[in-house]
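Here is what each chain is made of, one letter per residue.
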Amino acid sequence: MKTIISIVRKDFISEFRSRDMFISMFTFSLIIIFVFNLVLDLTSNIKNIVSPAVLWITFLFSGSIGLSRSYSLEKESEAIKGLLLAPVDRSLIYMGKFFSNLIFLLIIEIITIPIFIILFNYDFSIKIIEIMLVIFLGTIGFSSVGTLFSAISLNTRLREVLLPILYFPIIIPVLLNAVRITRSLLSGESLSSNSSSLQVLIAFDIIFLSAGILLYEYVIEES
Amino acid sequence: MISVNNLQKTYGVISALKGLHFEISKGEFVLIFGPNGAGKSTLLKILSTILAPTEGEVYIDDINIYKNSHEIRSRIGFVSHEPFLYENLSALENLVFFAGLYNVDNPLNKAKEILETLQLDARENELVRNYSRGMKQRVALARALIHEPDILYLDEPFSGLDLLGTSIITNILKNLKAQGKTILMSTHSFDDCADLAHRILLLINGEIAFMTSDVNKDHFKQKYLELVSINN
């Protein structure tokens, strides 16, 4: 646990100093939401169908920028090798990076939500707690897969391109189910009416978090 | 004692190391020389466990370093020509972070103490990003020594250093040698460190061309040039 906290703390100090990741993720989120809001003339009929997809695509794209940046910091001066030289279990390094990414993504998402509510004309009485729960589960999926695939792409020349190519297809089940539940909640339905989608999200999170813990050792090593 | 048996590393069709065999005794200082692409960095990366060999085994005191990598990692320090440091953290923050990973007692005191030894205490709170190449290399050495390893691997630690940086690191290496640390160092700066070595290992095209305890500079240079020109 001490190792995980050290890695998260180190990532936060590093990001707080540069703010590169936050600024790029937040700016990108804002631009996507603004562009979609401008180009889609959303009447109330289709608003609840389209806007959840806009929200989750925003999270996905800005998240991929964050994930890519998170490993750029490790690649700078080959700091990751200093980490790999230490007598710590690779799974703890994965968990440290997973929690760092999870917290960074959640912060950006929490900031994005009010902007989304205002621009898409929702009122703040929507089921925000339930929506936040779905966002939390979806972001665990984003972070677990993203942390693993960022490590895979770390030692490749085309890592900025490779990450989305590997990451986006795998994350589709999270995206589909998170959009489905968010749409249902924005239409006034309850969370319990989406239990199957919720189960898929939870199962995905457990599978990919476990896969990350088990496989990180093999993907992070230089070959 | 470090024992290397039939160590091989291939990258696709390229053989970087072709079945190396050698042993290094406790407290020995061994210099690795060789032209660019001879396999020096690959050898040190494998010995430090950050790269897996294609074939062969390495033992430290009869412990297989890949089967017991946790135990071995706590006994070795590695300095590369890249510093392996976080640029947005200060030297002190970097060292405290790494000391924590090695379970060093009282990491803050230990980090301060080692920065003082390396004459970096006056600028310990500055970000590593703002350091000169020589200062980064000294912090990298501090990172490698923070857990007091008994084996130290150095991969071209003098590359890009000015005279002062080279002199500081050379003095530290002298002290470490006097403390009985086992040191394996690759370098192109033969004149700066030949006096430190007990033995010299010459690698050419992934093979040991020779290993000698004759550290006479003239003899070595003559033999080096002969062998390298034959292989080219």
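Just so it is clear, the structure is predicted and the values come from calculations on it, not from any experiment.

*Asks:* In this structure, what is going on with the overall build of chain B? I would like to understand it.
*Replies:* If you tally the helices and strands in chain B, you get eight helices and 10 strands. Expected size for 232 residues packed as a compact globule is a radius of gyration near 17 Å; at 18 Å, chain B falls within 12% of this value. Taken along the three principal axes of its C-alpha coordinates, chain B extends 50 × 40 × 35 Å. Across the 232 residues that make up chain B, the buried fraction comes to 56%. Here the contacts in chain B between residues at least 6 apart in sequence split such that 65% fall between residues at least 24 apart. In chain B, 23 side chains carry a positive charge and 28 a negative one; their mean positions are 2 Å apart.

*Asks:* Looking at this model, I keep getting lost on the overall build of chain A. Mind explaining?
*Replies:* Across its full length, chain A carries eight helices and zero strands. Starting at the N terminus and walking to the C terminus, you meet the elements of chain A as α-α-α-α-α-α-α-α. Considering only C-alpha atoms, chain A reaches an extent of 55 × 35 × 30 Å along its principal axes. Classification of the 223 residues of chain A by burial places 53% in the buried group.

*Asks:* Explain unusual backbone geometry here, please?
*Replies:* Leaving glycine out, the prevailing phi sign among residues is negative, and the prevailing peptide bond configuration is trans. All names here are of chain B. Here the phi dihedral of D61 falls at roughly 50 degrees; this positive angle occurs in a residue that is not glycine. Positionally, D61 belongs in the loop between β4 (55-60) and β5 (63-64). With relative accessibility at 38%, the residue D61 sits in the partly exposed group. For E148, which is not a glycine, the phi torsion comes out positive at approximately 50 degrees.

*Asks:* For this particular structure, what's the right way to read the interface of chain A and chain B?
*Replies:* It is common to give the size of an interface as the accessible area that goes away when the parts come together. At the interface, 28 residues of chain A touch 31 residues of chain B. Summed over both sides, the interface between chain A and chain B buries roughly 2,600 Å², with carbon and sulfur atoms accounting for 59% of that surface. Viewed at the interface, chain B and chain A are joined by two salt bridges. Residue R129 of chain B pairs with E76 of chain A through a salt bridge whose shortest N-O separation is 3.2 Å.

Cut-offs and rules
- Residues take numbers from 1 onward in each chain, read along the sequence in its written order.
- The order in which chains are written sets their letters, starting at A; the order in which ligands are written sets their numbers, starting at 1.
- pLDDT decides what is reported in this predicted model: residues at 70 or higher carry local features, side-chain atom pairs at 80 or more are listed and counted, and totals for whole chains, interfaces and linings draw on all residues regardless.
- Water and hydrogen atoms play no part in the side-chain values, which are based on all heavy atoms of the structure.
- To qualify as a helix, a DSSP run of H or I must reach at least 4 residues; to qualify as a strand, a run of E must reach at least 2; elements of each kind are numbered from the N terminus.
- Just to be clear, the radius of gyration here is over C-alpha atoms, and the globule rule we use is 2.2 Å times residues to the power 0.38.
- Type-normalised accessible area, obtained with a 1.4 Å probe on protein chains alone, sets the label of each residue: buried when under 20%, exposed when over 50%, and partly exposed for intermediate values.
- Contact criterion: two residues are considered in contact whenever any of their non-hydrogen atoms come within 4.5 Å of each other.
- Under this rule, positive means Lys or Arg and negative means Asp or Glu; His and the chain ends count for nothing.
- Charged side chains are reduced to one point each, which is NZ for Lys, CZ for Arg, CG for Asp and CD for Glu.
- Throughout, buried area stands for the accessible area (probe radius 1.4 Å) lost by two parts on being put together, summed over both.
- Whenever a carboxyl oxygen of Asp or Glu lies within 4 Å of a side-chain nitrogen of Lys or Arg, that contact is scored as a salt bridge.

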